[in-house]
Amino acid sequence: MYVPRTNAVTDRAELETFVNTHHVGQVVTVGPDGVPDATLLPVLWEGDEIIAHFARANPHWGRITSGSPGLVVVVGPDAYVSPGWYATKREHGRVVPTWNYSAVHLSGPVRVHDDVEWLRVAVTRLTEHHEARRAEPWHVTDAPERYVAGQLRAIVGISMTVTRVEGKAKLSQNRSDADRAGAVAGLRAEGDHPAYRVADAMEAALRER
C-alpha cells in the first residue's frame, strides 16, 4: 500500500481497534496457478493472529497452500472530496478533487483449519466479539448442539499470522486547517452516513495536529 508519511498510522493498538471495529476484510490469496482469490469475511485480530472462516462451498479455501502468503484488507468509510469546499479554491483556484479514506493492510502466512474443535473455538471467539456490546448477547451454546455441529461442518476456518501491518488514514492532512474545515462542512452537507463518518475522522485527526 502506498502510504505517504502524513497519512501513516503506526500505533499497533489503534490499528487493531480499527480492524476489530470495522469487522470485515477482503481476504486475498494466490492459488497454485498464480490466479488471485478474494473473499469478504468477518475477521478478528488478536495478538499476532487473524481468524476467519469460509463457507465450505466456497472454492477459495481449497486453493490455499498451507503457509502461503495472504493479505487482509480492512477499509473504513470513504468519500469524494470536492475542491469547491476548499478555502483556497476562492483564493487561487489551484485545487483538484480527491478521495478520503482509511485502510489497514495485514499480511502473513495463511493456514486452513478443518478441525471441528478449532472451528468451534474460532466461531465462539468471533461471536463473543460481535455480541459483547449487546444488552443480551447471544452465545453459540444458546443453539442446540446438534444444530451447531451441523453448521460447523458447513464451514472451513482460516488463520493468518500477522507479520506486516500497514495503516493509512488519508484525511486531507496535507491541506490547511481552513481547507479541511471546508471539506468537513461539505461532507456533512452531503447527508449520507459514510460522508458523515469521514468528516468525523477528519475532525478527530485535526484535533490531533
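Here we summarise the structure given alongside this text.

Cut-offs and rules
Residues numbered from 1 in each chain as written. Predicted model: local features only at pLDDT ≥ 70, side-chain atom pairs only at ≥ 80, totals over all residues. Heavy atoms only, no water. Helix = DSSP H or I, 4+ residues; strand = E, 2+ residues; numbered from the N terminus. Buried < 20%, exposed > 50% of the residue type's maximum accessible area, 1.4 Å probe, protein only. Contact = heavy atoms within 4.5 Å. Areas by Shrake-Rupley, 256 points an atom, 1.4 Å probe, with all protein chains shown as cover. Phe/Tyr/Trp six-rings, centres within 6.5 Å; stacked < 30°, edge-to-face > 60°. Pairing = 2+ DSSP bridges. Core = buried A, V, L, I, M, F, W, Y, C linked by side-chain atoms within 4.5 Å. Polar contact = N/O pair within 3.5 Å; in protein donor to acceptor, adjacent residues only side chain to side chain.

Looking now at the overall build of the protein. Within the protein, the regular secondary structure consists of six helices and nine strands. Each principal axis of the C-alpha atoms in the protein carries an extent, and together these give about 65 × 45 × 30 Å. For the protein, with 209 residues in total, the buried portion stands at 41%. Within the protein, counting contacts between residues at least 6 apart in sequence, those at least 24 apart form 75% of the total. Accessible surface for the protein amounts to roughly 11600 Å². Of this, 55% is attributable to carbon and sulfur atoms.

Turning our attention to the side chain of Thr 88. With respect to the secondary-structure elements, Thr 88 resides in helix H2 (residues 87–91). By relative accessible area, which is 12% here, Thr 88 ends up buried. In this structure Thr 88 touches Gly 93, Val 95, Arg 175 and Asp 179, once residues within four positions along its chain are discounted.

In this section: the packing of aromatic side chains. By the definition in use, this model includes one aromatic pair. Between the aromatic rings of Tyr 80 and Trp 99, the centroid separation amounts to 6.0 Å while the plane-to-plane angle is 65°, which identifies the pairing as edge-to-face. Linking Tyr 80 in strand E6 (residues 68–81) with Trp 99 in strand E7 (residues 98–113), this pair joins segments that are 19 residues apart in sequence. Overall, Tyr 80 belongs to the partly exposed group, its relative accessible area being 39%.

Turning our attention to the pairing of E6. Bridging between strand E2 (residues 24–30) and E6 involves four bridges; their strand directions are antiparallel. Residue pairing across strands places Val 27 opposite Val 72, the latter belonging to E6. Relative to E7, E6 runs antiparallel, the two sharing twelve bridges. In the sheet register, Asp 78 faces E7, and the bridge partner there is Tyr 101.

Ranked by internal contacts, the top residues of the largest apolar core, which has 34 residues, are Val 43, Ile 50, Val 72 and Leu 106. Sorting the residues of this core by element identifies helix H1 (12–22), strand E5 (49–55), E6, E7, strand E8 (155–161), helix H5 (177–190) and helix H6 (193–207) as the ones contributing at least two each. Among all residues touching Val 72, those that are not within four sequence positions of it are Gly 25, Gln 26, Val 27, Val 43, Ile 50, Val 104, His 105, Leu 106 and Met 160.

A separate point is unusual backbone geometry. Although it is not a glycine, His 23 sits at a positive phi angle of roughly 75°. Inspection of the secondary structure assignment puts His 23 in the loop between H1 and E2.

Attention now moves to the environment of Leu 171. Positionally, Leu 171 belongs in the loop between strand E9 (164–170) and H5. Among residues more than four places away in sequence, those in contact with Leu 171 are Asn 7, Asn 100, Tyr 101, Ser 102, Arg 180, Val 198, Ala 201, Met 202 and Ala 205.

It is worth spelling out the side chain of Asp 37 at this point. Tracing the sequence through the fold places Asp 37 in strand E3 (residues 36–42). Using a relative accessible area of 16% as the deciding quantity, one classes Asp 37 as buried. For Asp 37, the side chain forms a polar contact with the side chain of Arg 63, separated by 2.7 Å. The contact partners of Asp 37, leaving out residues within four places of it in the chain, are Val 27, Val 28, Thr 29, Gly 31, His 60 and Arg 63.

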